[in-house]
Amino acid sequence: MRIVIVGASLAGLNAARALREYGHVGPITLIGEEPYSPYDRPPLSKGFLTSDANHSSLALTDTAALGLTELYGRRAVHLDPSERTVHLDVGQSVPYDGLVIATGVGALRWPSPLPATGVHTLRTLDDATALRRDLGTRPRRILVVGGGFIGTEAAATAAELGHDVTLTFQGPAPLHRVIGEDAASFLSELHRTAGVSLVPFATLTALQGRQRVTSVTLDGARQVNADTVVLALGTTPHTDWLSTSGLRLDRGLVTDSHARVVGANGRPHLSIVAAGDVTRFPHPHASGLVNLGHWSNAVEQARTAAHTLLYPHAPAIYRPVASFWSTQFGVRLRAVGLPREADEAETREVDIERRRLNVAYYRDGRLVGALTANRAAAIAQYREQLATALESSARARAA
């Protein structure tokens, strides 16, 4: 059985590992658009920006031990499920018997021409290397556009390096839609205390500068001077190469609860699975399809995908307790479950001086998520409660 993995990502690598662990001894081909073997992305917006780390220090494993055929620096441009073939940008065609799609997401780009230097996105190793080069020079005026995890982490790192940092976002506070009012206020206060200027309800409308960015325009009127701009505008799934494949695309690649890719006709493919940031799938605690763009999801879903691909008549079921974390100004923020799905948030502790936070999230009176700061024991208890709830719902469906 020839297995092809498109996406030299955390999910792609863990799919290869799991395939070997589950007994696959046949050929595995790993295809990646970047010229690097799989590496760890979370440090790119944090520790990598303050260190001299390189690809070798971020590499996830020695892929040689897995016996892979590795094709890096090559982009998939078309999938033909009927012929079971992946076509690459170099004119090469790669046949498969089983396919894992783990192409992830890319950073949203600014739609207009940019100044030659000083404007960055932050998704790849090359992105982070270019930003680090800017942050490593004299103190600069840094503008970060976007109040999600990447934006807030980049702003925190730049502030810790001694730069004058402004963070703009469209809502009332960073991550407000994801973690709710009290938790977002807690995060805002961490940034203000560290000297970050926060600009809420702001939309970037223009960037000025010929050779290097000099300023930006917010809401068509307000000018903010900046030597370096980080655009943390969100992500877009790498699914353009699948547009004519007959697979169901809905703000990502749709999979079922076994990690099988769903066709446009609604039926799952037995020979194609997917994992990681590129996927959207059903979850018992969600009202619709979810995308979990987190490290733990890439690892766990990849294992489910590998098992399902090898044993299609006994597919694994993917019911994750989602988990993600962020470290900003020395505060360890940890979350489990799906806080975004909540209709109610219960703040059990908020102490900015001691840097502690404990928030539980509910939907229709049922616990669906939790977020803590420097409360490791509490987050472990929440995880156990959510796992028990998922197991109970699975038993109820099977009854």
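Remember, it's a predicted structure, so these values are computed and weren't measured experimentally. (Residues numbered from 1 in each chain as written. Predicted model: local features only at pLDDT ≥ 70, side-chain atom pairs only at ≥ 80, totals over all residues. Heavy atoms only, no water.)

Asks: Requested: an account of the overall build of the chain, with residues and values cited.
Replies: When helices and strands are counted, the chain shows 8 helices and 27 strands. Across its three principal axes, the chain shows a C-alpha extent of roughly 55 × 50 × 40 Å. Across the 399 residues that make up the chain, the buried fraction comes to 53%. Each charge class in the chain can be summarised by its mean position, and for the 40 positive and 37 negative side chains these summaries are 1 Å apart. (Helix = DSSP H or I, 4+ residues; strand = E, 2+ residues; numbered from the N terminus. Buried < 20%, exposed > 50% of the residue type's maximum accessible area, 1.4 Å probe, protein only. Lys, Arg positive; Asp, Glu negative; His and termini not counted. Charge placed at Lys NZ, Arg CZ, Asp CG, Glu CD.)

Asks: I'd love a proper account of the nonpolar core, names of residues and values included.
Replies: Ranked by size, the top nonpolar core spans 44 residues in total, and within it Phe48, Val165 and Ile179 carry the most contacts. When sequence neighbours within four positions are dropped, the list of residues in contact with Val165 reads Ile142, Val144, Ala155, Ala158, Ala159, Gly195, Val196 and Ser197. Among the nonpolar cores identified, the runner-up in size contains 26 residues, and Ile3, Leu10, Leu13 and Val299 belong to it. (Core = buried A, V, L, I, M, F, W, Y, C linked by side-chain atoms within 4.5 Å. Contact = heavy atoms within 4.5 Å.)

Asks: Which residues make up the pattern of salt bridges, and what values go with them?
Replies: Throughout the structure, instances matching the rule amount to 15 salt bridges. The salt bridge involving Glu33 is made with Arg75; its shortest N-O contact spans 3.9 Å. Of this pair, Glu33 sits in the loop between β2 (28-32) and α2 (55-58) while Arg75 is found in the loop between β3 (68-72) and β4 (76-80), placing the two residues 42 residues apart along the sequence. Note on Glu33: relative accessible area 49%, which makes it partly exposed. What makes Arg75 partly exposed here is its relative accessible area of 32%. (Salt bridge = Lys/Arg side-chain N within 4 Å of Asp/Glu carboxyl O.)

Asks: Talk me through the sheet that holds β2; I want residue IDs and the actual numbers.
Replies: With respect to topology, 6 strands assemble into an open sheet ordered β3-β2-β1-β7-β20-β19, the strand pairing being mixed. Looking at strand neighbours, the two that pair on one side only are β3 and β19 (260-262), the edges of this open sheet. Averaged over all neighbouring strand pairs, the angle between strand axes comes to 30°, with direction disregarded. Here strand β7 (residues 98-101) pairs with strand β20 (residues 268-274) via 3 bridges, running parallel. Bridge pairing in β20 links Ile101 to Ala274. Where helix α7 (residues 295-310) meets the sheet, it contacts β1 (3-6), β7, β19 and β20, and its direction lies at approximately 150° from that of β20. (Pairing = 2+ DSSP bridges. Axes fitted to C-alpha atoms, helices over the stretch in contact; angles between N-to-C directions.)

Asks: Any chance you could break down the sheet that holds strand β18 (residues 253-254) for me, citing the residues and the numbers?
Replies: Read across the sheet, 3 strands follow the order β18-β21-β22 without closing on themselves; strand pairing throughout is mixed. Edge strands, defined here as strands with exactly one partner in the open sheet, are β18 and β22 (289-290). Two strands pair when backbone bridges link them, and β18 and strand β21 (residues 279-282) are joined in this way by 2 bridges, in the parallel orientation. Its bridge partner lying in β21, Leu253 is registered against Thr279.

Asks: Could you give an account of the packing of helix α1 (residues 10-21) against α7, with specific residues and numbers?
Replies: A pair of packed helices can be characterised by two numbers: the angle between their axes and the separation between those axes. The geometry of α1 relative to α7 is characterised by a closest axis approach of 8 Å and an angle of 40° between their N-to-C directions. As the angle between them shows, α1 and α7 are arranged oblique. Of the two possible hands of crossing, α1 and α7 adopt the one that is right-handed. Contact residues: α1 offers Leu10, Ala11, Asn14, Ala15, Ala18, Leu19 and Glu21, while α7 offers Trp295, Ala298, Val299, Ala302, Arg303, Ala306 and Leu310. Residue composition of the contact of α1 with α7, grouped by class: 11 nonpolar, 1 polar and 2 charged. (Parallel < 35°, antiparallel > 145°, perpendicular 65-115°, else oblique. Left-handed = near helix turned anticlockwise from the far one by under 90°. Nonpolar A, V, L, I, M, F, W, Y, C, P; charged D, E, K, R; others polar.)

Asks: Lay out the pairing of strand β5 (residues 85-88) in plain terms, naming residues and giving numbers.
Replies: Where β4 meets β5, 4 bridges bridge the pair, whose relative direction is antiparallel. Counted as the bridge partner of His78 is His87 from β5. Taken together, β4 and the strand that follows it, β5, pair antiparallel across an intervening segment of 4 residues, in which Arg84 is found at a positive phi of about 50°. Here β5 hands over to strand β6 (residues 93-95) after 4 residues, with Gly91 in that stretch at a positive phi of 85°.

Asks: Residues and numbers for the packing of aromatic side chains, please.
Replies: One pass over the structure, following the stated rule, counts 4 aromatic pairs. Centroid distance Phe281 to Tyr318: 5.4 Å. Interplanar angle 55°. Geometry classified as tilted. You can see Phe281 sitting in strand β21 and its partner Tyr318 sitting in the loop between α7 and β23 (323-328), a full 37 residues away along the chain. We note Arg132 situated over the ring of Phe48; from NZ or CZ to the ring centre the distance is 4.0 Å. (Phe/Tyr/Trp six-rings, centres within 6.5 Å; stacked < 30°, edge-to-face > 60°. Lys NZ or Arg CZ within 6 Å of the ring centre and 35° of its normal.)

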